[in-house]
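The lines below spell out each chain.
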Amino acid sequence: MNKTIQKLLIFFVIGLITNFILSSFGLNADALLFTKPDRFNGLISPYYYSILVLLGINIILSTSLCLINGFTGLFTMGHAGFMAIGAYTSAFVISKFFPTSPMLVQLMIGLLVGGSIAAISGFVIGFSSLRLSGDYLGMVTLGFSEIIRILILNIDAVGGARGMTEIPQFINIGTIIFLTLAITVLIKRIRDSKFGRAMLAVKENEMAANLMGINPLKIKVQAFVLSSFFAGVAGACFAHSEGYLSTQTFTFVKSFEIIAMNVIGGLGSLSGAMMGGAILTVLPEALRKVQDFTGVDLRMVLYSLTMILIMILKPQGLMGTKEMKWLSSN
Amino acid sequence: MAILQLNDMSLFFGGIKANQNVSFTLQEGKLYGLIGPNGAGKSTIFNVITGIYKPTKGEVYLHGEKTLEFSPYQLAQKGIGRTFQNIRLFKELTVEQNVMTSFFSQSKTTFVQNLFRTKAFIEEEEKNRAKAHELLKFMGLLENAQDLAGSLPYGKQRKLEIARAMGLSPKLLLLDEPAAGLNPTETLELTNLIKELKEKHKLTVLLIEHDMRLVMQICEYIYVLDHGELISEGEPNFVQNDPKVVEAYLGVDE
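Here is a short report on the structure shown in this document.

What counts and what doesn't
- Residues numbered from 1 in each chain as written.
- Chains lettered and ligands numbered in written order.
- Predicted model: local features only at pLDDT ≥ 70, side-chain atom pairs only at ≥ 80, totals over all residues.
- Contact = placed C-beta atoms within 7 Å.
- Helix = DSSP H or I, 4+ residues; strand = E, 2+ residues; numbered from the N terminus.
- Nonpolar A, V, L, I, M, F, W, Y, C, P; charged D, E, K, R; others polar.
- Buried ≥ 20, exposed ≤ 12 C-beta atoms within 10 Å, placed from the backbone.
- Pairing = 2+ DSSP bridges.
- Right-handed = clockwise from strand over helix to strand, strands pointing away.

### Quick notes on the interface of chain B and chain A
Here is step 1: Listed as interface residues are 26 residues of chain B and, on the opposing side, 24 residues of chain A.
Here is step 2: Sorting the residues of the side of chain B that touches chain A by element identifies α2 (72-77), α3 (95-101) and α4 (111-115) of chain B as the ones contributing at least two each.
Here is step 3: In terms of residue count, the dominant contributor to the side of chain B that touches chain A is α2 of chain B (four residues).
Here is step 4: Residues that form the side of chain B that touches chain A fall into these classes: 11 nonpolar, nine polar and six charged.

Next comes the structure, spelled out in structure tokens:
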């Protein structure tokens, strides 16, 4: 059997089992259908549950940005924009056209629509701005993501400034675990394919890549489209796990957070991107506990200090360019 | 048969005339040299041939086809391989991967096949790896296949550049100072390698080099460039004794 499909199946089972243990803890239809239970009677509290879900979403975002920033060497600052597109299109389509469909159908349509529309916008934005490079590309993508956010803010059909409410919630921990593992492995596969080699070549030396028969613009657009597809999927997951969307989530602060995940983990390392995503999700929440002792809100101070410390002690990121074994090439 | 033809090619950067009315024809299967003092416009000619610069005036023909409308990557796919004066390897990639990047345009598998690692993908990858290893073996780099290209010693980096260019299965190979920075033993080794490569793959080679011994030894025909213009051309013996060439290199006797 094809190894990739085999792996995906294993991830599916892992997700199913985790979902079963963490959220349902009883053989009911929800656990098997991969859907979010109405009521928690699982092992962990809803608070930890939602942190775990967010952890998965952030890892997907971080690894997807790794395709652009890490492998192709482009500096983009607009990843939150693609996430927003994925989140809002999926939320809109599902609550407008499929509000009563079975959750599995909603899940598939939501993720696919969110990802595809994000990929299309990634193509448009990529194609029009990828002639730029370096900081200029960063500024343009930052601009585009703000345009996307303001546009959404002014569309009444998705709630405008009030935010979008009553979005069907069908994303659960099992789906997230499956998607996180699957997307990470797919991105690894892309990296180890001829397309990944071409991306790395463009990053290392664009002119040499050009003279080796690789069209740099095409490779960059490809990386952009793939990355925004996965970001869109992450956005859709976010929409359908929170149940509420506000444009405030998708400001440039979110984009910078995703970049920070990559930088802290180590630019160009997929394991690093995962690790960075995990740290930047868990750290601010873990620091809430510290507040119990200190009494005053030192959370953001400690958070920033930790990040500064990591950058001083490990300027190349936690992983550098190394990879964990299951993500190393071949 | 003519493989490459430059027709009155001129390239100006504002007021600077990098190349002026350069015309030459390269016949298939021969080894050409392009020499001249520093700043004579040799590398610019390479950049025009590979499509990085568009000439201000004149035409370039590859196999009788105008090349001006093609981008560098398209010309590379049409069979122009080149190396660089200042080495431009993919430093963070392994030696093997460096060579395999040049197979990109020749490999047929689609994105989905790559993503799901189908049989076609695996077979192609095996085939490409074998091909890369063959090239590396020829250049004497096989033992370094898994090393990072940036960690190789200078001489080997130069060879890897040639191996990578050969990965395109080029018909025309442009070598920009392949022996720069090499010691005499390495230069000799390289000279033989270039000769062998040319015979084995029936290449046409155009070579920029300052090492006159290398040039006179292997080139069948030499073009001499000074201040952007061709000042002399001919067989090595002729060029060596041409007063114009001596003047360009050494100046005039007062």
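From this point, the narrative continues.
### With respect to the pairing of strand β7 (residues 172-176) of chain B
Residues and elements named next belong to chain B.
Here is step 1: In terms of burial, β7 is largely enclosed, as five of its five residues are buried.
Here is step 2: What you see with β7 is no split at all: Leu172, Leu174 and Asp176 on one side and Leu173 and Leu175 on the other are buried throughout.
Here is step 3: Pairing analysis gives five bridges linking β7 to strand β8 (residues 204-208), with the strands arranged parallel. What sits directly across from leucine 172, in β8, is threonine 204.
Here is step 4: In the classification by handedness, the crossover that spans β7, the intervening helix α7 (residues 184-201) and the parallel β8 is right-handed.

### What to know about the sheet that holds strand β5 (residues 65-66) of chain B
Residue and element names in this part refer to chain B.
Here is step 1: Taken in spatial order, the four strands make up an open sheet running β2-β1-β4-β5, and their pairing is antiparallel. Only two strands of the sheet have a single neighbouring strand rather than two, namely β2 (16-27) and β5.
Here is step 2: Where strand β4 (residues 57-62) meets β5, two bridges bridge the pair, whose relative direction is antiparallel. When the sheet's bridge partners are listed, leucine 62 is paired in β5 with glutamate 65.

None of the figures reported here should be taken as evidence of function without further support.
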